[in-house]
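# Fold and contact review
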Amino acid sequence: MNIFEIIRFALRGLTINRLRTFLTTLGIMIGVSSVIILTAVGNGSSKAVQDSLDRLGTNSIQVRSGNLGFGPRAQAVSNNTTPLTILDAVALNDPKQVPSVKQSAPVANANSTCVNGSSTSTPSTFSGTWPAYFEASNTKVAKGNYFSTDDVDQGRRLAVIGTTTATELFGTDNPINQVIRCSGIPFTVIGVTEVKGSTGFQDGDSLFIAPITAVENSITGYQPLSSIIVEAKSSKLTDQAQAEIQTVLDARHRVKSSTSRDYRLFNQASLLATSSSSSKVFTVLLAAVAGISLLVGGIGITNIMLVTVIERTREIGIRKAIGAPKGVILSQFLIEATILSLVGGALGVVAGFIGSHFTIVGVKPVIMPSSVFLAFGVSVLIGLFFGSYPASRAASLRPIEALRHE
Amino acid sequence: MAAALVDNKSQPHIVIDVKGAVKKYGEGAASIYALAGVDLQIAAGEYVAIMGPSGSGKSTLMNIMGALDNMTAGSYFLDGIEVSSMDENALSVVRGRKIGFIFQSFNLIPRTTALANVELPLAYQGIKSAERKKRALAALKVVGLEDRVTHEPTELSGGQQQRVAVARALATRPALLLADEPTGALDSKSTEDLLDLFDQINHAGRTVVVITHEADVAARAKRVLRMKDGKIISDTLNPARMVSA
Ligand SMILES: Nc1ncnc2c1ncn2[C@@H]1O[C@H](COP(=O)(O)OP(=O)(O)OP(=O)(O)O)[C@@H](O)[C@H]1O
Ligand SMILES: [Mg+2]
């Protein structure tokens, strides 16, 4: 008997026992797809957190006034702090002193409420800065323009606003070239930023950014800077940039030891590390759920395969009695199990991919390739084993024994 | 088969040679002897009927002769080769080519058409699709089921299923036909037809062994064995039939 004949036997076996074929395929399919989808949800949620942090800029470092900690000692030190100034920001733009820094921008924050007719909005971030701020903080203008260095030099009252602020002030109207009043001072809106999303602490789109000169002239007056935002040349260079910033600022602020610094550095990379480690926990949790669903799916497959063993054992008895060689019987059942497992596994992968297109509990799933291989591999192995092992046992019985099997 | 005919002249060729066959089921006090020491020789070309009350061990003996079951003690030579010494491959060849076995309980493959059931043993012998279909249809025609070839076992009456089982056993043209109550589910007309068929097969030189409860079935055989409690209690030749042979 040749192999094609045996394959035809196997296919016939599958079409004859339709319900068994269907249930087995379904079992494998559910096992595979649930593992893929569950891990994709876990992966997707961790990716979502990462993306929102990426949007803040992983290359950026913030310099703020004040020392490293809180408490009595910190208070004592903070008494003789030198405030951050525009000159600090200028120094942090000098490629000779800070070669790993791409650019820096001073930031002067204010609390201000803006008004357009009867609409009001209080941006959670209201900053005066330089154009470098946009790149350093990864803030992109989606509609309209950025302001320029010239605008800063001239102290023009121009503003780039976030989508939340735009909606609060203008609804669905186009804000570009409209004039709004913030703390009573008129600003012309020249740009609206891309949606940043929430970082969990703050609405990133409740935003007002204007030339620092305009903000200082008309709203805050000439005060120390709130912070300086620095962009490293690449995310790999942030540590080095940080060291260079410390060298420059330590010199400028006459800091004697690293414990008595009157400024602090924050970088997104370290923030990212903590958040992605917590989302890893989430992924591990979901992987555990997926593992359990794989187990349950596997037990389902096993169950269906074993339930049909009695019937199939009798059948194997008949086949042996009329002269079927053991090898042919084994091949037939192995091919049957292979087809079932592969088809079920493939359908499961397809279902997993389809299912991962939907947003599940607010999370956009992102498929992990390893989960696809794992789920497919394990299910196919289970299917193969439980499809062929009982058959091989039955094929080793004497025909009469197999026929009497109960 | 050819060898059997040649041997016929001098000493008859012994196809089946059972010595001291014992088949015991269960252990200790609960054990049952289905066969309690059976000696039996059947020569090529014989037509043997086995009779006896229910539970006397007829099917047990037949299964052993068909190389489908083993025994607790004793030996069985089929065409001079001890069956217990054969490996799996040799056994499948013997079951597929040498022996045609008709089960008391038909044992057709479920949800499979009559034609496919009859083709199956031919397929396992590696016979090509067209050829085996021809032979299977011919075998089904012999048992009068040419209009039922696409029916599955559940769509056939008991008698029709039995005839499919007969066709399956005949399709391989075995040298040794073992039939366990092949007429049990047949009416008198079908029984007549089947017995005529067995006569033909036997005339062609093949060995036929039939288990039956019916005297008129046994009357067609040349030799009648009677069993009781796992033993052969009588072994008689049928003089009327000897003449016709
Ligand atoms: N698997 C088994 N386990 C235990 N006892 C068995 C088994 N198979 C057969 N027997 C016993 O062996 C004895 C012989 O059974 P066998 O089937 O050979 O009878 P039989 O002569 O063919 O009967 P019938 O005419 O009813 O078919 C019976 O007593 C039966 O109960
Ligand atoms: Mg019986």
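Right above here is the structure, for reference.
Attention in this report is confined to the structure presented alongside it. (Residues numbered from 1 in each chain as written. Chains lettered and ligands numbered in written order. Predicted model: local features only at pLDDT ≥ 70, side-chain atom pairs only at ≥ 80, totals over all residues. Heavy atoms only, no water.)

### Brief notes about the overall build of chain B
The condition is simple: Strands here are runs of E lasting at least two residues and helices are runs of H or I lasting at least four, both read from the DSSP assignment and numbered beginning at the N terminus. Accessible area is worked out with a 1.4 Å probe on protein chains only. A residue is then buried under 20% of its type maximum, exposed over 50%, and partly exposed in between. Between two residues, a contact is recorded if the distance between any of their heavy atoms is within 4.5 Å. Working definition of accessibility: Shrake-Rupley area with a 1.4 Å probe, residue cover restricted to the visible protein chains.
Counting its regular elements, chain B contains nine helices and 10 strands. Across the 245 residues of chain B, 54% fall into the buried class. Counting contacts in chain B only where the partners sit at least 6 residues apart, residues at least 24 apart contribute 68% of the total. Entry remark: accessible area of chain B is about 10,600 Å², with carbon and sulfur atoms responsible for 54%.

### A short note on the site of ligand 1
Here is the rule: Any residue with a heavy atom lying within 4 Å of a molecule or strand is counted as near it. Polar contact is defined as a pair of N or O atoms within 3.5 Å, subject to the rule that within protein one atom must be able to donate a hydrogen and the other to accept it, and that residues adjacent in sequence are counted only when both atoms are side-chain atoms.
The immediate surroundings of ligand 1 are formed by 14 residues, with B:Ser54, B:Gly55, B:Lys58, B:Ser59 and B:Thr60 found nearest. Around ligand 1 the close residues trace back to chains A and B. A:Arg404 places a polar side-chain atom, nitrogen or oxygen, 3.3 Å from a nitrogen atom of ligand 1. One of the side-chain N or O atoms of B:His213 is found 3.1 Å from an oxygen atom in ligand 1. Summarising the interface, the protein chains cover 68% of the accessible area of ligand 1, which totals 630 Å² for the free molecule. By residue number, the principal contributor to the shell around ligand 1 is helix α2 (residues 58–65) of chain B, which donates three residues.

### Examining the packing of helix α1 (residues 3–16) of chain A against helix α12 (residues 326–355) of chain A
Residue and element names in this part refer to chain A. Worth spelling out the cut-off: For every element, the axis is a line fit to its C-alpha atoms; helices are fit only across the contacting stretch, and the angle between N-to-C directions ranges from 0 to 180 degrees. Roughly parallel refers to an angle under 35 degrees, roughly antiparallel to one over 145, roughly perpendicular to one between 65 and 115, and oblique to any angle outside these ranges. Handedness of each helix crossing follows the sense of rotation of the near helix against the far helix: counterclockwise by less than a right angle gives left-handed, clockwise gives right-handed. Only Asp, Glu, Lys and Arg are considered charged, only Ala, Val, Leu, Ile, Met, Phe, Trp, Tyr, Cys and Pro nonpolar, and every remaining residue, Gly among them, polar.
It is the contact of α1 with α12, at a shortest axis distance of 8 Å, that shows an interaxial angle of 55 degrees. As far as their axial angle goes, α12 and α1 are oblique. Handedness of the α1/α12 crossing: right-handed. For the pair α1 and α12, contact is made by Ile3, Ile6, Ile7, Phe9, Ala10, Leu11, Gly13 and Leu14 and by Val328, Ser331, Gln332, Ile335, Glu336, Ile339 and Leu340, respectively. The class makeup of the residues in the contact of α1 with α12 is 11 nonpolar, three polar and one charged.

### Topic: the coordination of the magnesium ion (ligand 2)
All names here are of chain B. As a reminder of what qualifies: Only nitrogen, oxygen and sulfur atoms count as donors, using a 2.8 Å cut-off from the metal that widens to 3.2 Å for Na, K and Ca. Water is left out, so coordination shells may look unfilled.
With distances of 1.9 to 2.3 Å, the protein atoms coordinating the magnesium ion (ligand 2) are Ser59 (OG) and Gln104 (OE1). You can see Ser59 sitting in helix α2 and its partner Gln104 sitting in the loop between β6 (99–102) and α4 (114–124), a full 45 residues away along the chain. Owing to a relative accessible area of 23%, Ser59 belongs among the partly exposed residues under this scheme.

### Comments concerning a nonpolar patch on the surface
Operational definition: To count toward a patch, a residue needs a relative accessible area over 30% and no salt bridge; like charges are then connected within 9 Å, while nonpolar side chains (Val, Leu, Ile, Met, Phe, Trp, Tyr) are connected within 5 Å. Any Lys or Arg side-chain nitrogen found within 4 Å of a carboxyl oxygen on Asp or Glu counts as a salt bridge.
Judged by side-chain polarity, A:Leu19, A:Phe22, A:Leu23, A:Leu26 and A:Ile30 come together as a nonpolar surface patch covering roughly 460 Å² of accessible area. Relative to the assigned elements, A:Phe22 resides in helix α2 (residues 18–56).

### Brief notes about the interface of chain B and chain A
Put simply, the test is: Summed over both partners, the accessible surface that disappears when two parts come together, traced with a 1.4 Å probe, is what is meant by buried area.
If you look at the interface, chain B gives 25 residues, while chain A gives 26 residues. In this assembly, chain B packs against chain A so that about 2,400 Å² is buried in total across both faces, 57% of it on carbon and sulfur atoms. On the chain B side of the contact with chain A, B:Arg95, B:Arg111 and B:Tyr124 bury the most area, a combined 28% of that side's loss. In this structure, the connection of chain B to chain A is made through three salt bridges. The shortest N-O distance in the salt bridge between A:Glu5 and B:Arg132 comes to 2.9 Å. At the boundary of chain B with chain A, the tally comes to eight residue pairs in polar contact (both at pLDDT 80 or more). The residue makeup of the side of chain B that touches chain A, split by class, is 11 nonpolar, eight polar and six charged.

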